[in-house]
Protein chains: 2
Amino acid sequence: MTVPRYTPLAQSLPATVPFVGPETQERHRGSTFAARLGANENVFGPSPRAIEAMQTATTDVWMYGDPENHELRHALAAHHDVTPDHIVVGEGIDGLLGYLVRLLVGPGDAVVTSDGAYPTFNYHVTGFGGVLHKVPYLDDREDPARLFAKAAEVDAKLVYLANPDNPMGTWHSGADLLAAMDALPEGCLLVLDEAYVECAPEGTAIEAHPDDPRLIRMRTFSKVYGMAGARVGYGLGAPGMISAFNKVRNHFGMNRVAQAGALAALADSEWLDHVRDEIATARDRIAEIARSHGLTPVPSATNFVALDCDSDGAFAKAVLDNLISLGIFVRMPFSVPQNRCIRVSCGTAADLDAFEAALPKALDAARR
Amino acid sequence: MTVPRYTPLAQSLPATVPFVGPETQERHRGSTFAARLGANENVFGPSPRAIEAMQTATTDVWMYGDPENHELRHALAAHHDVTPDHIVVGEGIDGLLGYLVRLLVGPGDAVVTSDGAYPTFNYHVTGFGGVLHKVPYLDDREDPARLFAKAAEVDAKLVYLANPDNPMGTWHSGADLLAAMDALPEGCLLVLDEAYVECAPEGTAIEAHPDDPRLIRMRTFSKVYGMAGARVGYGLGAPGMISAFNKVRNHFGMNRVAQAGALAALADSEWLDHVRDEIATARDRIAEIARSHGLTPVPSATNFVALDCDSDGAFAKAVLDNLISLGIFVRMPFSVPQNRCIRVSCGTAADLDAFEAALPKALDAARR
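Residues numbered from 1 in each chain as written. Chains lettered and ligands numbered in written order. Predicted model: local features only at pLDDT ≥ 70, side-chain atom pairs only at ≥ 80, totals over all residues. Heavy atoms only, no water.

1. Considering the UniProt feature "domain: Aminotransferase class I/classII large" (unreviewed entry) in chain A
What counts here: UniProt positions are given in the numbering used here, feature names are shortened, and annotations may be inferred rather than shown by experiment. Helix and strand assignments come from DSSP, with helices taken as H or I runs of at least 4 residues and strands as E runs of at least 2, each series counted from the N terminus.
Per the UniProt record, "domain: Aminotransferase class I/classII large" (unreviewed entry) is annotated on residues 37-355 of chain A. Along residues 37-355 of chain A, the helical share is 39% and the strand share 15%, with 9 Å between the first and last C-alpha atoms.

This is the structure in structure tokens:
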């Protein structure tokens, strides 16, 4: 008998995972990227008030953070016009998705997502023994009708939908989604990932009743709030479901400095407006660069743009690899047919200058 | 059929958990504590270099942290004279214990710990459906021989031992533990929590072979390194077991600012020596205050002292409640017979002045 004796589930899980960070690639390259445009981070950064709050809070880092996230939950409740009992704060949406899957999904349980949607959700589902059922995108958008029909077909406990979508950047109106939820089967929870919704057009965020038991919404400070490295996400849902997180979450898991930063970031709506403008400008520029080199930008409600390379996945992968060789960190969708695209996050003018200089070379080399 | 449909395990878990932070108590009291001596935090704080590193890193917080924790793992490897493959970095020991339990423990699996030892470990075991078997302390120390005998008796997959111990502060020599491990049954992994070992006497840290498959050691930046609010812990173990964490951990879960802080903290051994001195001084003073009011300090190798109130749990609880009413945040062991004690963390001179002023009042009121 050898130790450790892993669970059968743990033994069955793949030893390698698709989470390769840009730092790993930089170490393999032996040099840093000239432009970091692959992880949908927000180079425009957090509110200066958030940075100041975090710098101040570093001297308090000897204390654990408040396990109730009281101040942040109260501020978020006011922001969303709900009660603090409608909000759970956690270690990024990734952490919260892990807790959610753990609460609902055991070995053999059915879960539905789109083919090519957020891989970390799939990682959690597989990690708890769930069985993933995938439906295709429709015209580069996630397809709520088909997702919910599949959920009914396989008796899913959980269905994942990102709005706006990652990696394509496309979106539905919140009203359309709410209407589509009429077809959500009984006993199935919709986890609606709204990570990018703060830079989407008005009306993209769903306006469900806060006590609607069919739905949990995920939000984050990682994207438009510019704090990916802080690991602060939150879930919005009916109080009964929200309180269930207390059964499994890492109660003292929140970084105290991050709590202070998120609180300050939330209060600075002017900075958020500034970032939205920067994102819109960068999005337009990425689209323009793409068009001027024969690529087709997919309309985006996020802080990135999927660029249709008008060929197959192998070609897009060649373009991507060439860009990376040229010092431009970008990523691409995993699945057919979205993998005909590369995905470029919004950057500074200098970042996009570097991208503009590299793209024709990357395309030429891929076409040869 | 209602939503969400929780797993049977999730349904069975208690809705309330014992993780009440001092902030919660302060909100109930309506005022802040005069001295925060309950959570074994390190009021002497992190290295000024760590604070500076964190403050600098806040401007990079728009980026995710390196999912491989490459720099920190390499620095820790050098520090411990092992390879980076012997080290997994995670969101505090609490986070790592959760991953470890998840890897090993499924419904019905046996796990052994001491009655009154670290409750967060128990929380994780219960949370994954494991069955806890507890053995008593022996003379206020955890009892390796009995732990390992119980592990053999119940065919445990995992046994927990903290050295030094929390909440009693007592300890074993590393050599004694290593010898005791001869009785660790086949197929049982020892998780050795060394959270406090940096302030324990020379020889307390176990000197096992780094590839020993029977053992994983847990370390943290939360205690002597003074960064509880940063959530940085690490596990030391055989590479095969360490790599298994990659199957389940939250790969982008580490706070980037905390990574930078931990790296700087590790490099400042002078500050660590300074903190050790401060802790030793505070420990002596807590013991002296206790003795001068008729209490017996339990010898401690940690940054706290258990004070034997020489009565039962109800009396110690009354002392504790009185101290809290007087603005002194302290905690106490949960289990008989350790719950005849209150547990006082090291504090500044001012903190301990406040404790000294409050203690006789708290004792008088409890005795009345």
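On we go.
2. Let's talk about the sheet that holds strand 10 (residues 304-308) of chain A
Sheet strands line up and pair through hydrogen bonds in the backbone, either parallel or antiparallel. Residue and element names in this part refer to chain A. Defined as follows: Strand pairing follows a simple DSSP-based rule, namely that at least 2 bridges must link the two strands. Note on definitions: a residue-residue contact is assigned when non-hydrogen atoms from the two residues lie within 4.5 Å. Axes, fitted as lines to C-alpha atoms, cover a helix only where it is in contact. Angles between the N-to-C directions of the axes lie from 0 to 180 degrees.
Sheet architecture is open: three strands sit in the order 9-10-12, paired in antiparallel fashion. Edge positions in the sheet fall to strand 9 (296-297) and strand 12 (341-345), since each has one partner strand and no second. As judged from the two bridges shared by strand 9 and strand 10, these two strands associate in the antiparallel manner. Opposite T296, over in strand 10, you have D308 as the bridge partner. Running over the sheet, helix 11 (residues 269-292) touches strand 9, strand 10 and strand 12 and is turned about 15° from strand 10.

3. Remarks on the relation of the copies chain A and chain B
Test applied: The fit set for superposing copies consists of C-alpha atoms from residues with pLDDT of at least 70 in both; the fit itself is least squares.
Its rotation angle being 180°, the transformation that places chain A on chain B also includes 0.0 Å of axial translation and leaves an RMSD of 0.0 Å. Taken together, these values place the two copies in the relation of a two-fold axis. Closest approach to the rotation axis within chain A is made by the C-alpha atom of Q55 of chain A, at a distance of 2.4 Å. A high fraction, 100%, of the interface residues of chain A reappear at the interface in chain B, so the copies pair face to face through one surface.

4. Quick look at the interface of chain A and chain B
Often, the extent of an interface is quoted as the loss of accessible area upon association of its parts. This is how it is decided: Buried area: the sum, over both parts, of the accessible surface (1.4 Å probe) that disappears when the two are put together. In what follows, salt bridge is the name for a side-chain nitrogen of Lys or Arg lying within 4 Å of a carboxyl oxygen of Asp or Glu. Two N or O atoms form a polar contact when they lie within 3.5 Å of each other; inside protein one atom must be a possible hydrogen donor and the other a possible acceptor, and for residues adjacent in sequence the pair counts only when both atoms belong to side chains. Three residue categories are used. Nonpolar comprises Ala, Val, Leu, Ile, Met, Phe, Trp, Tyr, Cys and Pro, charged comprises Asp, Glu, Lys and Arg, and polar comprises the others, including Gly.
If you look at the interface, chain A gives 84 residues, while chain B gives 84 residues. A combined buried area of about 7100 Å² lies between chain A and chain B, and 57% of that area is made up of carbon and sulfur atoms. Of all residues in chain A, R5, W62 and Y64 of chain A give up the largest surface area on contact with chain B, accounting jointly for 12% of the area buried on that side. The tally of links between chain A and chain B comes to eight salt bridges. Residue E23 of chain A pairs with R256 of chain B through a salt bridge whose shortest N-O separation is 3.3 Å. Linking chain A with chain B are 56 residue pairs in polar contact (both at pLDDT 80 or more). Counting residues per element, the side of chain A that touches chain B draws most heavily on helix 5 (residues 92-104) of chain A, at five residues. Among the residues forming the side of chain A that touches chain B, the class breakdown is 39 nonpolar, 25 polar and 20 charged.

5. A short note on the nonpolar core
Quick note on the threshold: Here the nonpolar core consists of buried residues drawn from Ala, Val, Leu, Ile, Met, Phe, Trp, Tyr and Cys, with membership extended through side-chain atoms lying within 4.5 Å. Each residue gets one of three labels from its accessible area relative to the maximum for its type: buried under 20%, exposed over 50%, partly exposed in between, using a 1.4 Å probe on protein chains only.
Counting residues in hydrophobic clusters, the biggest one holds 142 residues, and the most contacted among them are F221 and L323 of chain A together with F221 and L323 of chain B. Residues contacting F221 of chain B, with those up to four places away along its chain left out, are L72, L76, G226, M227, A228, V232, Y234, A262, A265 and L266 of chain B. Membership of the second largest hydrophobic core comes to 77 residues, among which are M168 and A195 of chain A together with V248 and F304 of chain B.

6. Things to note about the pattern of salt bridges
Residues and elements named next belong to chain B. Across all of its chains, the model carries 40 salt bridges over all chains by this definition. Across the pair R36 and E41 runs a salt bridge whose closest N-O atoms are separated by 2.7 Å. By relative accessible area, E41 is classed as buried at 4%. Between K157 and D109 there is a salt bridge, with its nearest N and O atoms 2.9 Å apart. You can see K157 sitting in the loop between helix 7 (144-154) and strand 5 (158-162) and its partner D109 sitting in the loop between helix 5 (92-104) and strand 3 (110-114), a full 48 residues away along the chain.

7. What about the sheet that holds strand 9 (residues 296-297) of chain B?
Residue and element names in this part refer to chain B. Spatially, the three strands line up as an open sheet ordered 9-10-12, and their pairing is antiparallel. Bordering the open sheet on either side are strand 9 and strand 12 (341-345), each of which pairs with just one other strand. Sheet contacts for helix 11 (residues 269-292): strand 9, strand 10 (304-308) and strand 12; angle to strand 10, the most-contacted strand, approximately 15°.

8. As for the packing of aromatic side chains
To keep it simple, the criterion reads: Between 30 and 60 degrees the pair is tilted, below 30 it is stacked and above 60 it is edge-to-face, where a pair is any two Phe, Tyr or Trp rings, Trp via its six-membered ring, whose centres lie within 6.5 Å. Think of it as a cone above the ring: NZ of Lys or CZ of Arg counts as a charge over the ring if it is within 6 Å of the ring centre and within 35 degrees of the ring normal.
Scanning the model with the defined rule gives 16 aromatic pairs over all chains in all. Judged by centre distance (6.0 Å) and plane angle (45°), the ring pair of F221 of chain B and Y234 of chain B falls under tilted. Taken together, the positions of F221 of chain B in the loop between strand 7 (215-220) and strand 8 (233-237) and Y234 of chain B in strand 8 put the pair 13 residues apart, joining distant regions of the chain. For the pair formed by F221 of chain B and Y234 of chain B, the shared burial category is buried. Above the face of the F304 of chain A ring, R343 of chain A is positioned so that its terminal group lies 5.5 Å from the ring centre.

9. Quick word on the pairing of strand 12 of chain B
Residue and element names in this part refer to chain B. A large share of strand 12 lies buried, amounting to five of its five residues. Burial of the side chains of strand 12 extends over both faces: C341, R343 and S345 are buried on one face and I342 and V344 on the other. The pairing of strand 10 with strand 12 spans five bridges and is classified as antiparallel. If you follow F304 over to strand 12, its bridge partner there is S345.

10. Describing the packing of helix 11 of chain A against helix 13 (residues 349-367) of chain A
All names here are of chain A. Keep this limit in mind: Each angle gets one of four labels, with under 35 degrees taken as roughly parallel, over 145 as roughly antiparallel, 65 to 115 as roughly perpendicular, and the rest as oblique.
Relative orientation of the contacting elements helix 11 and helix 13 amounts to 10°, with a least axis distance of 10 Å. Comparing the axis directions of helix 11 and helix 13 gives the class roughly parallel. Judged by residue contacts, A282, R285, I286, I289 and A290 of helix 11 engage A349, L352, D353, F355, E356 and L359 from helix 13.

11. Overview of helix 7 (residues 144-154) of chain A
Residue and element names in this part refer to chain A. Heads up, the condition is: Think of the arc as the fan of directions from the helix axis to the C-beta atoms.
For helix 7, the complete set of buried residues consists of P144, L147, F148, A151 and V154. Considered in projection along helix 7, the buried side chains sweep an arc of 135° and stay on one side of the axis. What points out from helix 7, more than 90 degrees from its buried face, is the exposed set A145 and E153. Looking at the buried side of helix 7, the elements it contacts are strand 3 (110-114), strand 4 (131-135), strand 5 (158-162), helix 8 (174-180) and strand 6 (189-193).

12. Section: the domain arrangement of chain A
All names here are of chain A. Operational definition: Where a domain begins and ends is set by an automatic assignment or by a domain database.
Its domain assignment divides chain A into domain 1 (8-45 + 270-367) and domain 2 (48-268). Here the C-alpha centre of domain 2 lies 24 Å away from the C-alpha centre of domain 1. Taken together, the contacts link 31 residues of domain 1 with 31 residues of domain 2. Summing both partners gives a buried area of about 2600 Å² for domain 1 against domain 2, and 64% of it is carried by carbon and sulfur.

13. Let's talk about the environment of Q11 of chain A
All names here are of chain A. Along the chain, Q11 turns up in helix 1 (residues 8-12). Take Q11: its relative accessible area is 53%, and that puts it in the exposed class. Along the chain, Q11 and D66 lie 55 residues apart, while their C-alpha atoms are 35 Å from each other.

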